[in-house]
Amino acid sequence: MNITKFEDLPISEGIKKAIAEMGFEEPSPIQAQSIPAILSGKDVIGQAQTGTGRTAAFSIPILETIDPNNRSLQAVVLCPTRELAIQVSTEIRKLAKYSHGIKTLPIYGGQPIDRQIKSLKSGVQVVIGTPGRTIDHINRKTLKMDNVKMIILDEADEMLDMGFREDIEMILSKIPEERQTTFFSATMPRGILELTNVEYENILDETIPYTVFLEICEYLIQSEDISGNIKSKLWKDINNELGKEDISSSLFLINEFIERYSQSLPNKLEQWKSSFR
């Protein structure tokens, strides 16, 4: 599906109206790839840097999936910091402006937990929380995960770097197995892939898809326009990456390969870059 405008997305008129009021006209590459995939029910890993529209990429499908007539918790977004949790919560609320009956709540340390408990008891369908405070509520039985059908990890690589892997595994274990899982990350460390069963075709990159990686490498190696020394260096680089934890961990290095060897084959590589952005 080639999405060039938010109007092309299969989403409600209320969300489209909210998007327009927020000043968005065209989806970013990660939004155009992720939103249809998540709406279709697939588990997805989206690789995107800050400032690429990542939050809307998962927030819009969340709002489309929530049943407003069901007051139980249905979606959980995990964030590494309270600042990000607040930011994500604010954007979801803006997008939900015309989606009546949907309540969201950010939960994080540094805020009185009694206030959060009171809000949770009143009925919240979407929780945006840090791992520590989320576990705190699970242990207190103030956060009931039985009806959660979507779990999103935002800045998943940051959470792993901050030592939250065991917390994440604990939270995932409390959510029904038939859930839909979505991870967004700037890089693709092995830990993220170990936490999910996402198929390779559902690993979405904001720039150039993983499926093009080997094609680019093969072309560069076979090209007669590149000297033997450069080919040897390139082959060593490729083997180093392919020998790492998993080939999909090379997603974020595709652009690096292109930049490194673009002076040798500017036309072909620029064509690839423009085709897959």
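Thresholds applied
- For every chain, the first residue of its written sequence is number 1, and the numbers climb from 1 along that sequence.
- Local features in this predicted model are restricted to residues whose pLDDT is 70 or higher, and side-chain atom pairs enter the listing and the counts only when it is 80 or higher, whereas totals over whole chains, interfaces and linings include all residues.
- Note that the side-chain values use all heavy atoms of the structure and ignore hydrogens as well as water.
- To qualify as a helix, a DSSP run of H or I must reach at least 4 residues; to qualify as a strand, a run of E must reach at least 2; elements of each kind are numbered from the N terminus.
- Using a 1.4 Å probe on the protein chains alone, a residue whose accessible area is under 20% of its type maximum counts as buried, one over 50% counts as exposed, and one in between counts as partly exposed.
- The contact criterion used is simple: two residues touch if any of their non-hydrogen atoms lie within 4.5 Å.
- In this description, accessible areas are obtained by the Shrake-Rupley approach with a 1.4 Å probe, and a residue is regarded as covered only by the protein chains that are shown.
- Note on definitions: angles span 0 to 180 degrees between N-to-C directions of axes, and those axes are lines fitted to C-alpha atoms, for helices only across the stretch in contact.
- Every angle not falling under 35 degrees, over 145, or within 65 to 115 is termed oblique; those three ranges are roughly parallel, roughly antiparallel and roughly perpendicular.
- Crossing handedness follows the turn of the near helix against the far one: under a right angle anticlockwise gives a left-handed crossing, and clockwise gives a right-handed one.
- Planes of paired rings set the category: under 30 degrees apart is stacked, over 60 is edge-to-face and the rest tilted, where pairs are Phe, Tyr or Trp rings (Trp by its six-membered ring) whose centres lie within 6.5 Å.
- Only when the NZ atom of a Lys or the CZ atom of an Arg is both within 6 Å of the ring centre and within 35 degrees of the ring normal do we say a charge sits over the ring.
- Only buried residues count toward a nonpolar core, which is a set of Ala, Val, Leu, Ile, Met, Phe, Trp, Tyr and Cys residues joined through side-chain atoms within 4.5 Å.
- Salt bridge criterion: a side-chain nitrogen from Lys or Arg within 4 Å of a carboxyl oxygen from Asp or Glu.
- For two strands to pair, DSSP has to find at least two bridges joining them.

Draft legend 1. Looking closely at the overall build of the chain. Within the chain one finds 13 helices and seven strands. When burial is assessed residue by residue, the chain has 52% of its 277 residues classed as buried. Put simply, 72% of the contacts in the chain that link residues at least 6 apart link residues at least 24 apart. Summed over all atoms, the accessible surface of the chain reaches about 13,500 Å², with 45% contributed by carbon and sulfur.

Draft legend 2. Just the environment of Ile62, in detail. Tracing the sequence through the fold places Ile62 in helix 3 (residues 54-65). Here Ile62 falls in the buried class, since its relative accessible area comes to 0%. Note: C-alpha distance between Ile62 and Val126 (64 residues apart in sequence) is 8.3 Å. The residues contacting Ile62, other than those within four sequence positions of it, are Ala75, Val77, Val126, Met150 and Ile152.

Draft legend 3. Broad picture of the packing of helix 3 against helix 4 (residues 82-95). At their nearest, the axes of helix 3 and helix 4 sit 10 Å apart, and the two run at 55° to each other. The angle between helix 3 and helix 4 falls in the class oblique. Both helix 3 and helix 4 take part in a crossing whose hand is right-handed. Counting all contacts with helix 3, which are made through Arg54, Thr55, Ala56, Phe58, Ser59, Ile60 and Leu63, the residues of helix 4 involved are Leu84, Val88, Glu91, Ile92 and Leu95.

Draft legend 4. Examining the packing of aromatic side chains more closely. Here the structure, examined in full by the defined rule, presents one aromatic pair. Ring centres 5.6 Å apart and planes at 50° place the aromatic pair Phe58 and Phe184 in the tilted group. Residue Phe58 is located in helix 3, and its partner Phe184 is located in strand 6 (residues 180-185); the two are separated by 126 residues in the primary sequence. Here the basic side chain of Lys17 rests over the ring of Tyr98, its NZ or CZ set 4.4 Å away from the ring centre.

Draft legend 5. Structural view of the nonpolar core. Grouped together as the largest cluster of nonpolar side chains are 33 residues, with contacts concentrated most on Phe58, Ile60, Ile62, Val77, Val88, Val126 and Ile128. Secondary-structure elements contributing two or more residues to this core are helix 1 (13-21), helix 2 (29-39), helix 3, strand 2 (75-78), helix 4, strand 4 (126-129) and strand 5 (150-154). Sort the elements by how many residues they give to this core and helix 3 lands first, with six residues. Residues contacting Val126, with those up to four places away along its chain left out, are Ile62, Ile66, Leu73, Ala75, Ile92, Ile102, Lys103, Thr104 and Leu105.

Draft legend 6. Here's a closer look at the pattern of salt bridges. Counted according to the given criterion, the structure contains eight salt bridges. Here Glu155 ties to Arg54 by a salt bridge, and the two come within 3.3 Å at their closest N and O atoms. With Glu155 in the loop between strand 5 and helix 7 (156-161) and Arg54 in helix 3, this pair connects stretches of sequence that are 101 residues apart. In this structure, the salt-bridge partner of Arg165 is Glu169, at a minimum N-O distance of 3.0 Å. Here Glu169 and Arg165 lie together in helix 8 (residues 165-173), a separation of four residues that amounts to about one turn. The class for Arg165 is partly exposed, based on a relative accessible area of 29%. Through salt bridges with shared partners, a single network forms among Glu7, Glu13 and Lys16.

Draft legend 7. Here's a closer look at the pairing of strand 6. For strand 6, a buried count of six out of six residues is recorded, marking the element as mostly surrounded by other parts of the structure. Neither face of strand 6 is open: one carries Gln180, Thr182 and Phe184, the other Thr181, Phe183 and Ser185, and all of them are buried. Looking at chain direction, strand 1 (residues 44-47) and strand 6 are connected through four bridges and run parallel. Within strand 6, the position partnered with Gly46 by the bridge is Phe184.

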